[in-house]
Amino acid sequence: MASPAVLARSLVKDFGRVRAVDGLGFSVARGEIFALLGANGAGKTTTLRMLLSLVRPDSGTLELDLHGDGRPASPADVGYLPEERGLFREAPVGRTIAYFGVLRGLPRRRAEAEAAAWMARLGLEQRAHEKPDALSKGNQQKVQLAAALVHRPRLAVLDEPFSGLDPVNQELLLEILRELRDAGTTVLLSAHQMQLVERIADHLLIVESGREVLAGTLDEVRRAAGRGTRLRVRMRPPLPVEALTRLAGVEQVEAGEDGVADLLLGNGTELGPVLGEVARLGPVLAVHSEDAALHDIYLRAVSEARG
Ligand code: ATP
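Cut-offs applied
Residues numbered from 1 in each chain as written. Predicted model: local features only at pLDDT ≥ 70, side-chain atom pairs only at ≥ 80, totals over all residues. Heavy atoms only, no water. Helix = DSSP H or I, 4+ residues; strand = E, 2+ residues; numbered from the N terminus. Contact = heavy atoms within 4.5 Å. Areas by Shrake-Rupley, 256 points an atom, 1.4 Å probe, with all protein chains shown as cover. Lys, Arg positive; Asp, Glu negative; His and termini not counted. Charge placed at Lys NZ, Arg CZ, Asp CG, Glu CD. Pairing = 2+ DSSP bridges. Axes fitted to C-alpha atoms, helices over the stretch in contact; angles between N-to-C directions. Near = heavy atom within 4 Å. Polar contact = N/O pair within 3.5 Å; in protein donor to acceptor, adjacent residues only side chain to side chain. Phe/Tyr/Trp six-rings, centres within 6.5 Å; stacked < 30°, edge-to-face > 60°. Lys NZ or Arg CZ within 6 Å of the ring centre and 35° of its normal. Buried < 20%, exposed > 50% of the residue type's maximum accessible area, 1.4 Å probe, protein only. Core = buried A, V, L, I, M, F, W, Y, C linked by side-chain atoms within 4.5 Å. Expected span 1.5 Å × (residues − 1). Parallel < 35°, antiparallel > 145°, perpendicular 65-115°, else oblique. Left-handed = near helix turned anticlockwise from the far one by under 90°.

Caption draft 1: Looking closely at the overall build of the protein chain. The helix and strand tally for the protein chain stands at 10 helices and 13 strands. Projecting the C-alpha coordinates of the protein chain onto the three principal axes gives extents of approximately 70 × 45 × 40 Å. Restricting the contact set of the protein chain to residue pairs at least 6 apart, pairs at least 24 apart contribute 70%. Just so you have it, the protein chain exposes about 14,900 Å², and 49% of that area is on carbon and sulfur atoms. One way to put it: in the protein chain the 38 positive side-chain charges average out to a point 4 Å from where the 41 negative ones average out.

Right under this line is the structure:
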């Protein structure tokens, strides 16, 4: 089997008395999108910074094989979008992006051409001569993203890339992430936007207090969390909440207004029998079902991990 692009084993990092990362291990295949999820302070940034050798693990090992032949990674192989967005305040954004390309090994002309292409892709053509301070937060974020990707790295490490982006730009970023994956780039990102992550990530790792809580593909995570489907029913009020809670396969009932209830079903539970049982409890006016959202899985997993 091909070696992974990134292999982390038993990573531990303490800051004084705070254990930021507590025995994390994971592997990221070349050309996949791997998402690190977790609450504020869970250890995501520290983990990403260890990958980039910006923070040294106290113990554990990290191996990068970005070319697939064991060659060590060079700075030109890696692109990093840091959580704190520090751009040169005095330089126009076009020059700034090109400068990052030169720093990562591109010849100047090529860096300028790539910078122009990224600005066009991100809708920043008109901003090339402006200084970062003159841009909105979302546009600054896009400039920083371009600076991280301008040299077309093999590994893109993106710390909270969706933060500050409006819905249209979030969609644009999803598209760019898909393009990176199609081009064979390995992407490791951290995020809080579950509804976006579930649309893009090949593998997820949910961390809490520096430890793994759930890991795998979205389906694997759903299975491990025992969460299959969210079944929304609207019944003629009043809702028989107690009886719904007792139905086989129903793990949780969230009662809403006007006779609406969300039933969270265990993974693998068949809808038909549950619907039959619900109909026996009273008139069902509407039904809607969807796969359990990562958001629900995440909230439950993190709250269980906290005890
Ligand atoms: P967020 O979602 O808020 O960005 P995170 O998951 O990225 O959080 P980290 O930034 O990795 O979390 O922080 C993990 C823990 O380590 C926190 O308790 C944080 O206060 C601590 N920490 C991180 N960096 C340092 C540092 N340089 N010095 C001291 N403590 C630190």
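Caption draft 2: Molecular detail of the sheet that holds strand β4 (residues 59-64). In space, the 3 strands of this open sheet follow the order β2-β1-β4, with antiparallel pairing throughout. With partners counted over all chains shown, the strands left at the sheet margins are β2 (18-28) and β4, one partner each. Here the average twist between neighbouring strands, direction ignored, is 20 degrees. Looking at chain direction, strand β1 (residues 6-15) and β2 are connected through 8 bridges and run antiparallel. When the bridges of β2 are listed, K13 appears paired with V21. The sheet strands contacting helix α1 (residues 44-51) are β1, β2 and β4, and the helix crosses β2 at an angle near 60 degrees.

Caption draft 3: Summary view of the site of the ligand. Lining the immediate environment of the ligand, one finds 14 residues, of which G41, K44, T45, T46 and E83 sit closest. Within the backbone of G41, an N or O atom sits 2.7 Å from an oxygen atom of the ligand. Between the ligand and H192 there is a distance of 3.1 Å, counted from an oxygen atom to a side-chain nitrogen or oxygen. Considering the ligand on its own, with 630 Å² of exposed area, one finds that the protein chains cover 62% of that surface.

Caption draft 4: Just the packing of aromatic side chains, in detail. Scanning all chains against the criterion turns up 2 aromatic pairs. Where Y99 meets F100, the ring centres are 6.5 Å apart and the plane angle is 80 degrees; that geometry is what we call edge-to-face. For the cation-ring pair, K13 lies above F15, with the distance from its terminal atom to the ring centre recorded as 5.5 Å.

Caption draft 5: Seen up close, α1. Here α1 lies mainly inside the structure; 6 of its 8 residues are buried. Burial in α1 covers these residues: K44, T46, T47, L48, M50 and L51. Immediately beyond the C-terminal end of α1, within one or two residues, lies S53, with a positive phi of roughly 60 degrees.

Caption draft 6: View of the sheet that holds strand β11 (residues 250-255). Pairing is antiparallel across the open sheet formed by 4 strands, whose spatial order is β11-β12-β10-β13. The open sheet has two free edges, formed respectively by β11 and β13 (284-291), since each of these has just one partner strand. Pairwise comparison of adjacent strand axes, ignoring direction, gives a mean angle of 20 degrees for this sheet. Strand direction decides the pairing type here: strand β10 (residues 229-235) and β13, joined by 7 bridges, are antiparallel. Residue pairing in the sheet places M235 in a bridge with V284 of β13. Here helix α9 (residues 271-281) sits on the sheet and contacts β10, β11, β12 (260-265) and β13; the angle it forms with β10, its principal contact strand, is near 25 degrees.

Caption draft 7: Spatial organisation of the nonpolar core. Ranked by internal contacts, the top residues of the largest apolar core, which has 53 residues, are L37, L177 and L204. With 6 residues, the single largest contributor to this core is helix α5 (residues 167-182). The contacts of L204, once residues within four sequence positions are left out, are A35, L37, V197, L214, A215, G216, L218, V221 and L294. Counting 25 residues, the second-largest nonpolar core is a separate cluster that includes L24, L48, V55 and Y80.

Caption draft 8: Region of the structure containing helix α10 (residues 294-305). The terminal C-alpha atoms of α10 lie 16 Å apart, and with 12 residues this matches the ideal 16 Å at 1.5 Å per residue to within 8%. Three or more residues of α10 are buried, namely L294, D296, I297, Y298, A301 and V302. Looking one or two residues beyond α10, the residue adopting positive phi is G307, at roughly 75 degrees.

Caption draft 9: Region of the structure containing the packing of helix α2 (residues 93-103) against helix α3 (residues 108-121). Orientation of α2 relative to α3, taken along the N-to-C sense of each, is 130 degrees, at an axis distance of 8 Å. It follows that α2 is oblique to α3 by the angle criterion. Where α2 crosses over α3, the two elements pack in a sense that is right-handed. Between α2 and α3, the contacting residues are V93, G94, I97, A98, G101 and V102 on the first element and R108, A111, E112, A115 and M119 on the second.

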